[in-house]
Amino acid sequence: MDVQTRLPASDRLAAALAALRDRFGQRMSLSLALRQQHANTTCYLPNEPPDAVVFATSTADVQDAVRICAAHAVPIIPYGVGTSLEGHLNAPQGGVSIDLSGMNRVLAVNAEDLDCVVEPGVTRKQLNEFIRQQGLFFPIDPGADASIGGMAATRASGTNAVRYGTMRDNVAALKVVTANGDLITTGSRAKKSSAGYDLTRLFVGSEGTLGIITEVTLRLHGLPEAIMAAVCPFPTIAAACDTVIAVVQSGLPIARIELLDEVQVRASNAYAKLDLAEVPTLFLEFHGTDRAVQEQIERFVEIATEFGGAAPQWASKPEDRSRLWQARHDAYWSALPLRPGAKIIATDVCVPISRLAECVTETKRDIEEMGLIAPIVGHVGDGNFHTSVMIMTEDAAEMAVLKRYMTRLIDRAQAMGGTCTGEHGVGQGKRRYLEAEHGAGAIAVMRSIKQALDPQDIMNPGKVLPPR
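Below or above, wherever it landed, is the structure these notes cover. (Residues numbered from 1 in each chain as written. Predicted model: local features only at pLDDT ≥ 70, side-chain atom pairs only at ≥ 80, totals over all residues. Heavy atoms only, no water.)

All right, on to the pairing of strand β6 (residues 115-118) then. The side-chain alternation of β6 yields two buried faces, one formed by Asp115 and Val117 and the other by Cys116 and Val118. A loop of 4 residues connects strand β5 (residues 106-110) with β6, the two strands running antiparallel in sequence, and Leu114 in this loop sits at a positive phi of about 55°. One ladder, built from 4 bridges, connects β6 with strand β10 (residues 212-219); its direction is antiparallel. Each bridged residue has a counterpart across the sheet, and for Val117 the counterpart in β10 is Thr217. (Buried < 20%, exposed > 50% of the residue type's maximum accessible area, 1.4 Å probe, protein only. Helix = DSSP H or I, 4+ residues; strand = E, 2+ residues; numbered from the N terminus. Pairing = 2+ DSSP bridges.)

Quick look at the structure:
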């Protein structure tokens, strides 16, 4: 331990902020409003702002900021665009938020190799607009216009994951600034490699606790020749889920298959001016050649009919497809009027596809028995679904019901061989569920990795690993 890190925390922070001011000038802010915006704003957890915000525009900026903070043992919290849902951005020990939104350049597009290199502040919409003219697209679509760096850090997925995989499958390599300010490269553009430990997969999903991602190499895909979207209503939520199970088990290469329960359909009708039957409904999309899409549609209709699905409503025009998927992506906002004044507490679980109908049905029963308003949506082709619980967070009794509901939901998913989070990540909100899922031995290994890469525990402390 050097002289600096032996100083009291307040002195170390003051010295770090002075050094950051010298290095970054007006790109370092102490504004309370700005600091609060860079902490948690999207869930029930309290807002715990950092002590300062630094706006980085290059890898060198990130390295310098990390070196200054490391020299004074001051915590660091990476920030993309703030769409995370489990308190990932909070600063429970104070520290410095490093805002990466200014690092938003597409550095290279290798159309022949179906890959690209981007800075972490590039958003998914920005990237797809940039590469569309080359006949390419990046398929990971978590709904929000998240940054690529944040999506990699949380191992995001979304509506296209059933066909195209998650960020884990679509990140080829990273450049990462480690806790001492060094820059490492975790892979190459090659399609596969057997060279050494898979550091890329280690940092994908690490939620900023092991390092700060400053460059991402992504896999791309060709734009499909034909795209057809549809909505298909079902008499019960179990029938819709059983259809999903049969579709996946049949090997049908569907691109998107999303579930909205009747509560969410009612909310989406009002918000997006749709006229869907207010029953459990699947939102679908098929990609491929004209002939392949037609074959997929015919097979889906056969399966859906077996489970009581009504005739799908089809949308082939881009504007009609966009309207449907925008309604799906706006599920959060459309749910707010269901209980004015309440806050939405969004959570997710994921189970093996064979247990999907059972898990969703039992969750629906809990919602009704506990008297909650909690629309269900889900990337059900992966066995992943979300509930948006409407809660008056100032009411202690309601918060107690919420805690009981979430514990039952997660215990159920884990008992079925699933996970406490399919894509939201752990952050602060789900740390207590991690040991039950992985076991004490695996948690000990995770702690060893954290200690080896971040011995001062300055990289987004208080996230992912359960409290001791």
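Picking up after the structure, the text goes on.
Bringing the side chain of His38 into the picture now. Within the element layout of this structure, His38 appears in the loop between α3 (32-37) and β2 (52-55). Take His38: its relative accessible area is 4%, and that puts it in the buried class. Contacts of His38, omitting those with residues within four sequence positions, involve Val53, Phe55, Tyr79, Leu89, Ser97 and Asp99. (Contact = heavy atoms within 4.5 Å.)

Going through the model one piece at a time under the given rule, you end up with 25 salt bridges. Asp113 is the salt-bridge partner of Arg189, the closest N and O atoms lying 2.6 Å from each other. Here Arg189 is found in the loop between β9 (183-185) and α9 (199-203), whereas its partner Asp113 is found in the loop between β5 and β6, with 76 residues between them in sequence. The class of Asp113 is partly exposed, set by a relative accessible area of 39%. Across the pair Lys450 and Asp454 runs a salt bridge whose closest N-O atoms are separated by 2.7 Å. (Salt bridge = Lys/Arg side-chain N within 4 Å of Asp/Glu carboxyl O.)

As a further point, take the environment of Thr178. Turning to its location among the elements, Thr178 is positioned in the loop between β8 (171-177) and β9. Exposure remark for Thr178: the relative accessible area of 11% places this residue in the buried category. As a C-alpha pair, Thr178 and Ile345 span 167 residues in sequence and 33 Å in three-dimensional space. With residues near it in sequence (within four places) discarded, Thr178 still touches Val66, Ile184, Leu210 and Gly211. A polar atom in the side chain of Thr178 sits 2.8 Å from the side chain of Asn180. (Polar contact = N/O pair within 3.5 Å; in protein donor to acceptor, adjacent residues only side chain to side chain.)

All right, on to the sheet that holds strand β13 (residues 256-260) then. Taking strand neighbours across the sheet as the criterion, the 7 strands line up as β15-β12-β14-β13-β17-β18-β16 in an open arrangement whose pairing is antiparallel. Unpaired on one side and paired on the other, β15 (313-315) and β16 (343-350) mark the two borders of the sheet. Going from strand to strand, the sheet's axes swing by 20° on average, the running direction of each strand aside. The pairing of β16 with strand β18 (residues 384-391) spans 8 bridges and is classified as antiparallel. The partner of Ile344 across the bridge, within β18, is Met390. Contacts from helix α12 (residues 290-306) reach β12 (226-233), β13, β14 (281-288) and β15, with the element oriented near 155° to β14. (Axes fitted to C-alpha atoms, helices over the stretch in contact; angles between N-to-C directions.)

So, about unusual backbone geometry. Of note in this structure, Ala73 is not a glycine but carries a positive phi near 55°. Tracing the chain through its elements places Ala73 in the loop between α4 (59-71) and β3 (76-79). Not every positive phi belongs to a glycine, and Lys273 is a case in point at roughly 60°. Secondary-structure assignment places Lys273 in the loop between α11 (262-272) and β14. According to the relative accessible area criterion, Lys273 is exposed, its value standing at 62%.

A surface patch of nonpolar side chains, about 210 Å² in accessible area, is lined by Val445, Ile449 and Leu453. As for its placement among the helices and strands, Ile449 is situated in helix α18 (residues 440-453). The exposure class assigned to Ile449 is partly exposed, which follows from its relative accessible area of 30%. (Patch = residues over 30% accessible without salt bridge, like charges linked within 9 Å, V, L, I, M, F, W, Y side chains within 5 Å. Areas by Shrake-Rupley, 256 points an atom, 1.4 Å probe, with all protein chains shown as cover.)

Let us look at the environment of Thr214. In this structure, Thr214 sits in strand β10. Its relative accessible area of 1% is what places Thr214 among the buried residues. Put simply, Thr214 and Asp320 are 106 residues apart on the chain and 37 Å apart in space, counted from C-alpha to C-alpha. Setting aside its immediate chain neighbours within four residues, Thr214 contacts Thr59, Val62, Met103, Glu119, Pro120, Lys175, Val176, Val177 and Leu183.

Attention now goes to the packing of helix α15 (residues 356-369) against helix α16 (residues 396-415). Where α15 meets α16, the closest approach of the two axes is 11 Å, and the angle between their N-to-C directions is 165°. One finds that α15 runs roughly antiparallel with respect to α16. Considering how the two elements wind past one another, α15 and α16 form a crossing that is right-handed. Across the interface between the two elements, Cys359, Glu362, Thr363, Asp366 and Ile367 of α15 pack against Tyr405, Arg408, Leu409 and Arg412 of α16. When grouped by side-chain class, the residues that make up the contact of α15 with α16 number 4 nonpolar, 1 polar and 4 charged. (Parallel < 35°, antiparallel > 145°, perpendicular 65-115°, else oblique. Left-handed = near helix turned anticlockwise from the far one by under 90°. Nonpolar A, V, L, I, M, F, W, Y, C, P; charged D, E, K, R; others polar.)

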